[in-house]
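Okay, here's what each chain looks like letter by letter:
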Amino acid sequence: MQDTHTAVILLGHGSRLPEANAALDGVARQVAALLGETRVEVAFLQMAQPGLAAAADRGAAAGARTVVIVPFFLFPGAHVRDDIPHELEQLRLRHPGVTF
């Protein structure tokens, strides 16, 4: 079943090492296989691209009305507690018709 109104973004920290970032791509492929045709992609907070805003922009441009952001972090540190909520507020302002 294709859900064109929802996008899923797996959000990682990001690394300067491409092979470290590629691990999240593998997880995204597995999630995409479970979700069928729902748009699934990765984003990173720092040191790698795409950033969260770019991934969210693509989802909204593709018609997603809901974007589910899944933090992929081992521990709930400052990024999860502070940085991600701040970025979500910015995305809500940028895309008022989309639920994040």
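Residues numbered from 1 in each chain as written. Predicted model: local features only at pLDDT ≥ 70, side-chain atom pairs only at ≥ 80, totals over all residues. Heavy atoms only, no water.

What follows covers the nonpolar core. In globular proteins that are soluble, nonpolar side chains generally tend to be buried together. I9, L11, L52, V67, I69, L91 and F100 are the most contacted members of the largest nonpolar core, which totals 17 residues. Of the residues forming this core, the biggest block, four residues, is contributed by helix α2 (residues 52-61). Not counting residues up to four positions away in its chain, the partners in contact with V67 are A7, I9, V98, T99 and F100. Of all hydrophobic cores here, the second largest spans eight residues; its members include V8, L24, A28 and V40. (Core = buried A, V, L, I, M, F, W, Y, C linked by side-chain atoms within 4.5 Å. Buried < 20%, exposed > 50% of the residue type's maximum accessible area, 1.4 Å probe, protein only. Helix = DSSP H or I, 4+ residues; strand = E, 2+ residues; numbered from the N terminus. Contact = heavy atoms within 4.5 Å.)

So, about the environment of D57. Following the sequence through the fold, D57 ends up in helix α2. Remark: the alpha-carbon pair of D57 and H13, spanning 44 residues in sequence, is separated by 19 Å. Excluding anything up to four places from it in sequence, D57 contacts R94 and H95.

Take helix α3 (residues 78-94) next. The terminal C-alpha atoms of α3, which comprises 17 residues, lie 23 Å apart, in line with the 24 Å expected from a rise of 1.5 Å per residue. The axis of α3 is deflected most strongly, by about 30 degrees, at I84, and proline P85 appears within four residues downstream. Looking at α3, one finds that the buried residues are I84, L88 and L91. Residues of α3 that are buried in the fold lie against β1 (6-12), α2 and β3 (66-71). (Expected span 1.5 Å × (residues − 1). Bend = angle between axes of the 7 residues up to and from the residue.)

Once that is clear, we can look at the side chain of T6. With respect to the secondary-structure elements, T6 resides in strand β1. Those residues within four positions of T6 in sequence are excluded, and the remaining contacts are T38, R39, A64, T66 and V68.

On their own, these measurements won't tell you what the molecule is for.
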